[in-house]
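So you can see what is in the structure, the chains are spelled out below.
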There are 2 protein chains.
Amino acid sequence: MTDMLQRKPVSQVANSDCFTEESLTKLKEIMYEMRAEAGNHLFWEGDTADKLYFLKRGQVKITKASDEGKSFILYVYNTGDLFGQVDPFQNSVHSFNAEVTENSIIGVIQQKDLEVLLWQHGDLAVEFMKWMGLMHRMTQTKFRDLMMFGKPGALCSTLIRLCNTYGKNHGSEIVITKKLTNSELADMIGATRESVNRMLGDLKRANIIAMENNYIVVKDLPYLRDICQCENCPVDMCRI
Amino acid sequence: MTDMLQRKPVSQVANSDCFTEESLTKLKEIMYEMRAEAGNHLFWEGDTADKLYFLKRGQVKITKASDEGKSFILYVYNTGDLFGQVDPFQNSVHSFNAEVTENSIIGVIQQKDLEVLLWQHGDLAVEFMKWMGLMHRMTQTKFRDLMMFGKPGALCSTLIRLCNTYGKNHGSEIVITKKLTNSELADMIGATRESVNRMLGDLKRANIIAMENNYIVVKDLPYLRDICQCENCPVDMCRI
DNA sequence: AAGGAAGTGTGATGTAAATCACATCACAAA
DNA sequence: TTTGTGATGTGATTTACATCACACTTCCTT
């Protein structure tokens, strides 16, 4: 093992970067803090959706359980990310599950309180709007990747997103500093473990990626980009 | 042909219903009006995204062109709908195309002007946030329908959405008062014309739907709901 | 150090949907 | 009336992935 893991991540970006320091402080003032243990759920499909969550530390996955058993991972949020549903309907419910995957410290914002804050602070409202736009765009991009370029395209796109979220540069190679099982990757793209295994095998054989110490190393990012037509998106955008 | 087409639509809802009369007026004050002919494009993939569009009259489809030729229809907007991209990046570009499919009158809002307005009017900001939430939710729901329940599920979901958008009740049956070709339906669910044709054939044979005067008539909505697990969503939500 | 659990790798087979290739059908225009 | 042009309907074939069934590898436990 070399020193590659000591290097700085490609990006240590959180979606709350949409906000200025002051705005984030205002948001923090209306949060109440809670702790959640890995394995717990923040909310389930069908629960009332009237809160936002700010991940002070930890990790939360948003998933959708399919008809029988398997779960599809829609988003993975990390330290510094803000997430949740803001709906126009009073009796709105979640359509996904929020699973805490690392012990987390979470700031909870009631929608009512948020509305008051937005009402009072125009600048915050504008930033908040941009945050929502970013979230929406991420969903659309993911949608496109999964629909338009088949499973290999979805996998390549996911690898790129992993680079943008957990990648550390090592010369022209990028180490994804996060251990992932084939099953996890499969759940992220709605494929089976076996399919992911075969696709990763193909990529290894073609010298696009490699495994080092059980970490995925991307050796030919342009190839991945080409497969899923990832051209013009900002790094902040194409994340997991 | 009977009198069924004289009856009132199930819903004459537009997504601008998120706004109060006053807020909508404020928005209208910062719009400039333009006309667009059927067949033209409002914007293309890659164009700068710094405007919102309010469809005063007409129809616009948001599409994504796939690698070779075929285009995927993501949204169809009708009279009264507000749409467009609000992004946190200054140099943000569209990732989809906006095709005008009926001669339209469109109010254009510059993002800069919108920001000023949101900054000034807290109540508008709150409503705007809800509109954005609704848009995002629609994308997520569509995503789910297309990913989780295969092509038949996607078709059933689309038929339900068509009922909610263009449906007129006729006893227990619902007439979709809009002519649609198999190809159009195919583009909406990312399938081929042939597949749609076969699936529609199955549904006809099972007496779930029927054709009357080239309009689709839904005879067994509960069956469609069952296929794509459409249970708890408000009618305003599940639209095309 | 042995045993077990979780993860990986890979062949054989099944299946949904795309693709290809036509045969209609509806209807508008010449 | 014929002719051309979309749209529909349907079989045959191919393709992409899922499913099933195991063997193999890692690494963790006690």
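Parameters at a glance
- Residues numbered from 1 in each chain as written.
- Chains lettered and ligands numbered in written order.
- Predicted model: local features only at pLDDT ≥ 70, side-chain atom pairs only at ≥ 80, totals over all residues.
- Heavy atoms only, no water.
- Helix = DSSP H or I, 4+ residues; strand = E, 2+ residues; numbered from the N terminus.
- Rg over C-alpha atoms; globule rule 2.2 N^0.38 Å.
- Buried < 20%, exposed > 50% of the residue type's maximum accessible area, 1.4 Å probe, protein only.
- Contact = heavy atoms within 4.5 Å.
- Least-squares fit on C-alpha atoms with pLDDT ≥ 70 in both.
- Near = heavy atom within 4 Å.
- Polar contact = N/O pair within 3.5 Å; in protein donor to acceptor, adjacent residues only side chain to side chain.
- Nonpolar A, V, L, I, M, F, W, Y, C, P; charged D, E, K, R; others polar.
- Salt bridge = Lys/Arg side-chain N within 4 Å of Asp/Glu carboxyl O.
- Axes fitted to C-alpha atoms, helices over the stretch in contact; angles between N-to-C directions.
- Parallel < 35°, antiparallel > 145°, perpendicular 65-115°, else oblique.
- Left-handed = near helix turned anticlockwise from the far one by under 90°.
- Expected span 1.5 Å × (residues − 1).
- Buried area = accessible area lost by both parts, 1.4 Å probe.

**Section: the overall build of chain A**
Link 1 in the chain: Looking only at helices and strands, chain A features 7 helices and 10 strands.
Link 2 in the chain: For chain A, the C-alpha radius of gyration of 19 Å lies close to 18 Å, the compact-globule estimate for 240 residues.
Link 3 in the chain: The dimensions of chain A, computed from C-alpha atoms along their principal axes, are 55 × 40 × 35 Å.
Link 4 in the chain: Per-residue burial over chain A gives 55% buried out of 240 residues.
Link 5 in the chain: A fraction of 74% describes how many contacts in chain A between residues 6 or more apart in sequence connect residues 24 or more apart.

**Digging into the relation of the copies chain B and chain A**
Copy one and copy two of the chain differ by a rotation about an axis and a translation along that axis.
Link 1 in the chain: Superposing chain B onto chain A takes a rotation of 179° plus a shift of 0.0 Å along the axis, which leaves an RMSD of 0.1 Å. Taken together, these values place the two copies in the relation of a two-fold axis. Considering only C-alpha atoms, the residue of chain B closest to the rotation axis is B:His136, which sits at 2.7 Å.
Link 2 in the chain: A shared binding surface is used by both copies, with 98% of the interface residues of chain B retained as interface residues in chain A.

**As for the protein's contact with DNA strand D**
Link 1 in the chain: Taken together, the neighbourhood of DNA strand D is formed by 19 residues, with A:Lys151, A:Ser195, B:Asn182, B:Arg193 and B:Asn197 sitting nearest.
Link 2 in the chain: Backbone sugar and phosphate groups make up 58% of those atoms of DNA strand D lying within 4 Å of the protein.
Link 3 in the chain: Residue B:Asn182 places a main-chain N or O atom 2.9 Å away from a phosphate oxygen belonging to DNA strand D.
Link 4 in the chain: Secondary-structure elements contributing two or more residues to the surface near DNA strand D are α4 (150-166) and α6 (193-205) of chain A together with α6 (193-205) of chain B.
Link 5 in the chain: At 6 residues, α6(B) tops the list of elements feeding residues into the surface near DNA strand D.
Link 6 in the chain: The residue inventory of the surface near DNA strand D, partitioned by class, reads 2 nonpolar, 8 polar and 9 charged.

**Focus on the protein's contact with DNA strand C**
Link 1 in the chain: Around DNA strand C there are 17 residues in total, and A:Asn182, A:Arg193, A:Asn197, B:Lys151 and B:Ser195 lie nearest to it.
Link 2 in the chain: Protein-proximal atoms of DNA strand C, defined as those within 4 Å of the protein, fall in sugar or phosphate at a share of 59%.
Link 3 in the chain: Take A:Asn182: an N or O atom from its main chain is 2.9 Å from a phosphate oxygen of DNA strand C.
Link 4 in the chain: Of all the secondary-structure elements, those providing two or more residues to the surface near DNA strand C are α6 of chain A together with α4 (150-166) and α6 of chain B.
Link 5 in the chain: It is α6(A) that contributes the most residues to the surface near DNA strand C, 5 residues altogether.
Link 6 in the chain: The residue inventory of the surface near DNA strand C, partitioned by class, reads 2 nonpolar, 7 polar and 8 charged.

**Details of the pattern of salt bridges**
Two side chains of opposite charge can pair, provided their charged atoms sit close to one another.
Residue and element names in this part refer to chain A.
Link 1 in the chain: Under the criterion given, the structure shown has 20 salt bridges over all chains.
Link 2 in the chain: Between Asp-202 and Arg-205 there is a salt bridge, with its nearest N and O atoms 3.1 Å apart. With Asp-202 and Arg-205 both in helix α6, this residue pair falls 3 residues apart, about one helical turn.
Link 3 in the chain: Classification of Arg-205 as exposed rests on a relative accessible area of 66%.

**Details of the packing of α4(A) against α6(A)**
Residues and elements named next belong to chain A.
Link 1 in the chain: One can describe the packing of α4 onto α6 by two numbers: an axis separation of 11 Å at closest approach and a directional angle of 70°. With respect to each other, α4 and α6 are oriented roughly perpendicular. By crossing handedness, the relation of α4 to α6 is classed as right-handed. Along its contact with α4, which presents Lys-151, Pro-152, Leu-155 and Leu-159, the element α6 presents Met-199, Leu-200 and Leu-203.

**Structural notes on α4(A)**
Link 1 in the chain: The end-to-end C-alpha distance of α4(A) is 24 Å, a good match for the 24 Å that 17 residues give at a rise of 1.5 Å each.
Link 2 in the chain: Taking burial as the measure, the 17 residues of α4(A) include 14 buried ones, the bulk of the element.

**A short note on the interface of chain B and chain A**
Link 1 in the chain: With 49 residues of chain B in contact, the opposing surface of chain A contributes 48 residues.
Link 2 in the chain: Between chain B and chain A, the buried area comes to about 4,300 Å², and carbon and sulfur atoms account for 71% of it.
Link 3 in the chain: Per-residue buried area on chain B facing chain A is highest for B:Met129, B:Arg137 and B:Phe143; these three make up 17% of the total on that side.
Link 4 in the chain: Where chain B touches chain A, the interface holds 4 salt bridges.
Link 5 in the chain: Counting the contacts that link chain B with chain A gives 16 residue pairs in polar contact (both at pLDDT 80 or more).
Link 6 in the chain: Contributing elements (two or more residues each) for the side of chain B that touches chain A: β3 (51-65), β4 (71-78), α2 (111-120) and α3 (122-148) of chain B.
Link 7 in the chain: Looking at the side of chain B that touches chain A, the element that brings in the most residues is α3(B), giving 21 residues.
Link 8 in the chain: In the side of chain B that touches chain A, the residues fall into 27 nonpolar, 12 polar and 10 charged.

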